[in-house]
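# Fold and geometry: a report
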Amino acid sequence: MIRTERLCVRRRGALVLDSVDLRLGPGVHALLGPNGSGKSTLLRVLATAAGPTEGAVTLLGRDPRVPAQRLEIRRRLGYLPQEFGLFPRYTVRDFLVYAAWLRDMPGGRIDRAVEASAARVGLTERLGHRTKTLSGGMKQRVGIAQAVVNSPELLLLDEPTVGLDPGQRARFHTLVRELGRTSCVLLSTHLMAEDVYDVCEDATVLVGGRVAFHGTLAALDSAGGYDALVPPE
Amino acid sequence: MTEHHIPPAPATLRAAGAHLPAGWVCAYALGRLAEDRRDDAEDHLLRCAHCADAVDDAVRRGPYGARLDDLHRSLMDRVSGVPHPRPAPAPSSSARRPVPPPWLSATQGLRLSWLAAVACVCGLGVLFGRLSESPAPRLTLLLLAPVLPVLCVAGSYGGRADPFAEVTRTTPAGGLRILLLRTAQILVVCVPLLTGAAALMPRDGLPSYTSASWLLPCLTVTLATLLLSSYLGSWAAALTTGVGWLTLMYVLAEPLLGQPAAAGSDDRVVHVLEGIQLKLLDVVGTTVFALVSAVLAELLVLRRHDFSRLGAR
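A brief look at the structure comes next. This structure is a prediction, so every number in the text was calculated from the model and none was measured.

For the rest of this paragraph, the subject is the sheet that holds strand S7 (residues 184-189) of chain A. All names here are of chain A. Judged by pairing direction, the sheet is mixed, and its six strands sit side by side in the order S5-S6-S7-S3-S8-S9 without closing on themselves. One side of each edge strand has no neighbouring strand; the edge strands of this open sheet are strand S5 (77-80) and strand S9 (210-216). Averaged over neighbouring strand pairs, the angle between their axes works out to 15° when direction is ignored. Relative to S9, strand S8 (residues 202-207) runs antiparallel, the two being bridged by six bridges. Each residue of the ladder has a partner; that of Asp202, found in S9, is Thr216. Helix H1 (residues 39-46) rests against strand S3 (27-32), S5, strand S6 (154-158), S7 and S8 of the sheet, and its axis sits at about 155° to S6. Sheet contacts for helix H6 (residues 166-180): S3, S6 and S7; angle to S7, the most-contacted strand, approximately 140°.

Residues and elements named next belong to chain A. Of note, the phi angle at Arg6 is positive, near 45°, even though the residue is not glycine. Here Arg6 is to be found in strand S1 (residues 2-11). Here Thr48, not a glycine, exhibits a phi torsion of approximately 65°, which is positive. Within the fold, Thr48 resides in the loop between H1 and strand S4 (54-59). The class for Thr48 is buried, based on a relative accessible area of 0%.

What follows covers a nonpolar patch on the surface. Together, B:Leu124, B:Leu127, B:Phe128 and B:Leu131 line one region of the surface with nonpolar side chains, adding up to about 430 Å² of accessible area. Within the fold, B:Leu131 resides in helix H5 (residues 112-132).

With that settled, the discussion passes to the interface of chain B and chain A. By a widespread convention, an interface's size corresponds to the accessible area lost as its parts come together. Taken together, the 42 residues of chain B in the interface contact 43 residues of chain A. Contact with chain A buries area across many residues of chain B, yet B:Phe164, B:Pro172 and B:Leu310 alone supply 18% of it, more than any other trio. With a closest N to O distance of 2.7 Å, B:Arg177 and A:Asp104 form a salt bridge. One can count eight residue pairs in polar contact (both at pLDDT 80 or more) joining chain B with chain A. Looking at the side of chain B that touches chain A, the elements with two or more residues in it are helix H3 (49-61), helix H4 (65-80), helix H8 (165-168) and helix H9 (176-200) of chain B. Here the element with the most residues in the side of chain B that touches chain A is H4(B); it accounts for five residues. The residue makeup of the side of chain B that touches chain A, split by class, is 17 nonpolar, 15 polar and ten charged.

Once that is clear, we can look at the state of the cysteines. Here, disulfide denotes a covalent bond that connects the sulfur atoms of two cysteines. Enumeration according to the criterion identifies zero disulfides over all chains in this entry. Considering cysteine sulfurs only, A:Cys200 is the nearest to A:Cys184, which forms no disulfide, with 11 Å between them. Of the cysteine sulfurs around B:Cys122, a residue in no disulfide, the closest is that of B:Cys190, at 7.6 Å. Relative accessible area serves as the criterion here: at 4%, B:Cys122 is assigned to the buried category.

For the structure shown, the criterion picks out 14 salt bridges over all chains. Salt-bridge contacts for B:Arg169 lead to B:Glu166; the nearest nitrogen and oxygen are separated by 2.7 Å. Classification of B:Arg169 as partly exposed rests on a relative accessible area of 22%. What makes B:Glu166 buried here is its relative accessible area of 15%. Salt bridges here are not isolated pairs; linked through shared partners, they connect A:Glu72, A:Arg75, A:Arg76, A:Asp104, A:Glu153 and B:Arg177.

The subject of this paragraph is the sheet that holds S4(A). Strand pairing in a sheet is mediated by backbone hydrogen bonds. Such pairs are either parallel or antiparallel. Residue and element names in this part refer to chain A. An order of S2-S1-S4 is seen for the three strands of this open sheet, with the pairing classed as antiparallel. A single partner strand is all that each edge strand has here, and the edge strands are strand S2 (14-24) and S4. Between one strand and the next, the sheet's axes are offset by a mean angle of 25°, whatever the strand orientation. Where S1 meets S4, five bridges bridge the pair, whose relative direction is antiparallel. From the neighbouring strand, Glu5 faces S4, where its bridge partner is Ala56. Its contacts with the sheet place H1 against S1, S2 and S4, and it is angled at close to 120° to S1.

Quick notes on the rules
- Residues numbered from 1 in each chain as written.
- Chains lettered and ligands numbered in written order.
- Predicted model: local features only at pLDDT ≥ 70, side-chain atom pairs only at ≥ 80, totals over all residues.
- Heavy atoms only, no water.
- Pairing = 2+ DSSP bridges.
- Helix = DSSP H or I, 4+ residues; strand = E, 2+ residues; numbered from the N terminus.
- Axes fitted to C-alpha atoms, helices over the stretch in contact; angles between N-to-C directions.
- Contact = heavy atoms within 4.5 Å.
- Buried < 20%, exposed > 50% of the residue type's maximum accessible area, 1.4 Å probe, protein only.
- Patch = residues over 30% accessible without salt bridge, like charges linked within 9 Å, V, L, I, M, F, W, Y side chains within 5 Å.
- Areas by Shrake-Rupley, 256 points an atom, 1.4 Å probe, with all protein chains shown as cover.
- Salt bridge = Lys/Arg side-chain N within 4 Å of Asp/Glu carboxyl O.
- Buried area = accessible area lost by both parts, 1.4 Å probe.
- Polar contact = N/O pair within 3.5 Å; in protein donor to acceptor, adjacent residues only side chain to side chain.
- Nonpolar A, V, L, I, M, F, W, Y, C, P; charged D, E, K, R; others polar.
- Disulfide = S-S within 2.5 Å.

Structure below.
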């Protein structure tokens with residue numbers, strides 16, 4: 001579902017991603033690395049928010065450089081960036097309807113999809129509340145809900161559990177595991193935390209814009225673990 | 001519906017744009033479609049969202065709809081870990097509130113501060129016009145009117161003004177479609193405001209054009225901004241167009257600055273402003289605006305994919 005070949009991204013002359021080769025199918029995959037290792041840039045490229053400087057990207061079997069194929073990818077994509085904001089005057093329902101409309105969902109399916117995605121993150125009771133009245137953790141849950149509102153085939157989550165309490169984190173793990181049965185979920189985090197061990201099948205570790213490791217979590221542990229790959233900050 | 005009443009499938013079912021006959025949809029939803037047709041129907045349903053929706057609707061209207069809803073609810077309970085409240089009985093059609101179309105949710109982000117700024121410009125224009133009893137404020141407002149909406153679009157949604165832009169640009173509707181929708185929303189608000197303000201301001205008996213005459217230049221400037229935003233992003237495009245419009249005003253005003261005021265008007269400013277307006281809105285000016293608008297609209301259609309390209313701003 002995700003395939004990159006010799007993917008390079010330069011920003012202001014600096015090489016942020018350097019010859020990244022990835023092949024990820026259905027399942028939940030971890031993208032690990034210290035701050036500034038290029039995780040968010042890689043997610044932006046995979047989310048079609050940014051283009052590669054060199055190399056090739058194929059998403060869901062389609063080429064994002066071709067307009068018609070890019071449109072098809074975007075219809076099947078869910079994306080939660082590390083930093084995002086909500087329109088303060090929107091209610092949670094308005095916002096999720098907006099997110100569903102943005103993803104070209106048929107009008108007749110939007111109401112049901114909005115309620116299902118709100119239920120998945122435990123926001124059913126808050127659907128009528130304005131987003132400006134929500135706490136940081138609840139805003140993060142709205143962010144997760146908008147990313148899954150279209151039941152995406154490709155779900156990209158950048159530090160999704162920041163601000164979630166333990167109960168919500170457990171609920172999030174259930175949601176991601178369920179989606180991972182049929183979809184490709186890429187979960188980015190800068191910590192080798194419970195999120196990874198609870199839900200991910202394999203991990204890719206980025207260090208300095210290069211893939212330092214790709215394999216199962218057991219293989220990562222055998223190789224000395226995350227700390228052995230990542231130099232101390 | 002019995003099998004012999006079901007019409008045959010069109011021979012071009014596999015062709016792009018073909019849909020399942022209504023009879024097939026109903027029969028499939030009720031599990032009564034003949035086995036030899038089922039494979040064709042399922043093959044088509046996997047590729048056609050329109051027909052999949054039609055089957056979905058037919059199932060929900062059918063005898064199993066309520067049971068499916070119950071199943072969906074209990075599944076959601078298990079997924080979310082929270083009991084999902086049973087829905088209240090559907091209200092009668094007279095009590096049911098109209099549901100706004102989903103695209104309307106895209107227009108709620110308009111910043112009130114920008115709307116208030118345009119309203120202030122109009123209000124101050126009317127106030128100055130009334131106090132000075134001169135047509136100069138009205139002419140100035142009309143000359144600036146084409147760039148006010150595009151600045152309002154940029155200020156309300158451009159750059160970092162849209163907190164959700166990072167996700168919006170990764171969606172199918174996040175390109176030209178949402179830009180056109182937001183521009184239309186701003187125009188729907190700004191054009192009546194500007195027209196109303198101009199109507200309330202004194203004309204002093206000058207043979208002025210009506211406020212409606214300015215709609216064509218307004219359209220041209222808006223189209224130019226939209227087109228430029230596919231290259232530069234909305235803020236830079238609005239500023240470029242704004243500066244370009246003011247430069248055009250200056251170029252048109254320059255030959256008039258050295259001339260004596262026209263007979264019947266002692267006010268040099270009014271003379272210059274009116275001269276600019278006459279040049280912009282005479283037959284030649286209007287024709288030029290119409291032609292340029294047509295060209296810009298065509299270019300906008302040609303560049304529509306650039307609004308959603310990788311890395312678009």
